[in-house]
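Chain and residue survey
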Amino acid sequence: MSTHVQKPGWFTVNVFNRAVAWMTRRGISIWGSRVLAVRGRKSGEWRTTPVNLLTVDGQQYLLAPRGHVQWTHNMRAAGGGELRLGRNVDVFTATEVADDDKVPLLRAYLKRWKAEVGVFFNGVGPDSPDQELRRIAPDHPVFRVTVRN
């Protein structure tokens, strides 16, 4: 498994993520934004972070543009969590997507959010050949989200 991680800078942590999370908590989704809540794998406490919820062919996915970050490790341990938008809370289970199945998901994610996160994909974009997307797939965890009713 890849150990690829790109840590966010001060502006992202202290301004951008906080602003997106603030708006999302109030029910305003920015291009599919949600607040992801997942239990910490060591503490058991809820951890939250803003994420982009990707929908492809009626299925929902969470993709980690910065790589194998804390929420991805927690997601593997917890097997799910909550997606929050305002007062709406969707409890879900998560299944990690195999690297070979990520190409269309990476392409769709980059088509939608390249301006926001393209820098984290080492020059690979939505129009890159499949082999380039496959090359970076191990560096970007993807989870299929199944909302529990």
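Coordinates for the structure precede this section.
Since we're looking at a predicted model, the values are computed, not measured.

**What about the side chain of Lys-102?**
Mapped onto the secondary structure, Lys-102 falls in the loop between strand 5 (88–96) and helix 3 (103–117). At 2.8 Å, the side chain of Lys-102 and the side chain of Asp-99 are in polar contact.

**Structural notes on the packing of aromatic side chains**
In this structure the tally under the stated criterion is three aromatic pairs. Their ring planes at 50° and their centres at 6.0 Å tell us that Trp-71 and Phe-143 sit as a pair that is tilted. Of this pair, Trp-71 sits in helix 2 (residues 70–78) while Phe-143 sits in strand 6 (residues 142–147), placing them 72 residues apart in sequence. No difference in accessibility class separates Trp-71 from Phe-143, as the two residues are buried. An angle of 50° between the planes, with centres 6.4 Å apart, marks the rings of Tyr-109 and Phe-121 as tilted. Taken as a pair, Tyr-109 in helix 3 and Phe-121 in the loop between helix 3 and helix 4 (130–136) lie far apart in primary sequence, twelve residues in all. Under the relative-accessibility criterion, Tyr-109 is labelled buried at 2%. Here a set of aromatic residues connected by ring pairs shows up, and it is made of Tyr-109, Trp-113 and Phe-121.

The rules behind each value
Residues numbered from 1 in each chain as written. Predicted model: local features only at pLDDT ≥ 70, side-chain atom pairs only at ≥ 80, totals over all residues. Heavy atoms only, no water. Helix = DSSP H or I, 4+ residues; strand = E, 2+ residues; numbered from the N terminus. Polar contact = N/O pair within 3.5 Å; in protein donor to acceptor, adjacent residues only side chain to side chain. Phe/Tyr/Trp six-rings, centres within 6.5 Å; stacked < 30°, edge-to-face > 60°. Buried < 20%, exposed > 50% of the residue type's maximum accessible area, 1.4 Å probe, protein only.

The analysis is restricted to geometry; functional conclusions fall outside its scope.
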